[in-house]
Amino acid sequence: MNKDAISPAEVVRKSPDVSLGLTSEEVFARKAAGLSNVQVKSEEKTVLQIILSNVFTYFNLLFFFLAACLIFTGSGAQNLLFLGVVFCNTAIGTVQELRAKRMLDRLNLISAPRAK
């Protein structure tokens, strides 16, 4: 921490003239004291994170390992039909989560705060 920084207790709180605002020195003093506004980072997943989290699950890894073992032993393609269920499950989960994300993005846009 900067030894020249001003503590929040030392910053004079006042209501400046709205038409003038704060001076550069007042802004610097408030920033140095940690009294500036910071935008909160979003906790929502990106589209890529949603896809990867649905593809790389424990059960998918297990089923792909079993499929690799079946291919390695030379068993027929009829024994790999369970992979269809794995792909369908992954696709359905991904589509549902993407639709939910799109709906939440729309709701966040509607309820976004407006500042004056």
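Just so you know, these numbers come straight off a predicted model, no measurement behind them. (Residues numbered from 1 in each chain as written. Predicted model: local features only at pLDDT ≥ 70, side-chain atom pairs only at ≥ 80, totals over all residues. Heavy atoms only, no water.)

### Side note on the pattern of salt bridges
Inspection of the entire model under this criterion finds three salt bridges. With a closest N to O distance of 3.6 Å, Lys101 and Glu44 form a salt bridge. Pair noted here: Lys101 is in helix 4 (residues 82–110) and Glu44 is in the loop between helix 1 (24–32) and helix 2 (47–55), with a separation of 57 residues, a long-range link. We note a salt bridge from Asp105 to Lys101, for which the minimum N-O separation is 3.1 Å. Here Lys101 and Asp105 lie together in helix 4, a separation of four residues that amounts to about one turn. In this structure Asp105 comes out as partly exposed when scored by relative accessible area, which is 31%. One connected set of salt bridges, linked through shared partners, spans Glu44, Lys101 and Asp105. (Salt bridge = Lys/Arg side-chain N within 4 Å of Asp/Glu carboxyl O. Helix = DSSP H or I, 4+ residues; strand = E, 2+ residues; numbered from the N terminus. Buried < 20%, exposed > 50% of the residue type's maximum accessible area, 1.4 Å probe, protein only.)

### Details of a nonpolar patch on the surface
On the surface, a nonpolar cluster with roughly 540 Å² of combined accessible area is contributed by Val47, Leu48, Ile51, Leu52, Val55 and Phe56. Within the secondary structure layout, Leu48 lies in helix 2. Look at Leu48 and you get exposed, because its relative accessible area is 56%. (Patch = residues over 30% accessible without salt bridge, like charges linked within 9 Å, V, L, I, M, F, W, Y side chains within 5 Å. Areas by Shrake-Rupley, 256 points an atom, 1.4 Å probe, with all protein chains shown as cover.)

### Focus on the packing of helix 2 against helix 4
At a minimum axis separation of 9 Å, helix 2 and helix 4 run at an interaxial angle of 150°. The pairing of helix 2 with helix 4 is recorded here as roughly antiparallel in orientation. The two elements helix 2 and helix 4 cross, and the hand of that crossing is right-handed. Facing helix 2, whose interface residues are Val47, Ile50, Ile51, Ser53, Asn54 and Val55, helix 4 presents Thr90, Gly93, Thr94, Glu97, Leu98 and Lys101. Residues that form the contact of helix 2 with helix 4 fall into these classes: five nonpolar, five polar and two charged. (Axes fitted to C-alpha atoms, helices over the stretch in contact; angles between N-to-C directions. Parallel < 35°, antiparallel > 145°, perpendicular 65-115°, else oblique. Left-handed = near helix turned anticlockwise from the far one by under 90°. Contact = heavy atoms within 4.5 Å. Nonpolar A, V, L, I, M, F, W, Y, C, P; charged D, E, K, R; others polar.)

### Digging into the confidence of the model for the protein chain
Taken over all residues, the pLDDT of the protein chain has a mean of 84, while the share at 70 or more is 84%. No element of the protein chain has a lower mean pLDDT than helix 1, which averages 84, and none a higher one than helix 2, which averages 95. (pLDDT = per-residue confidence, 0-100.)

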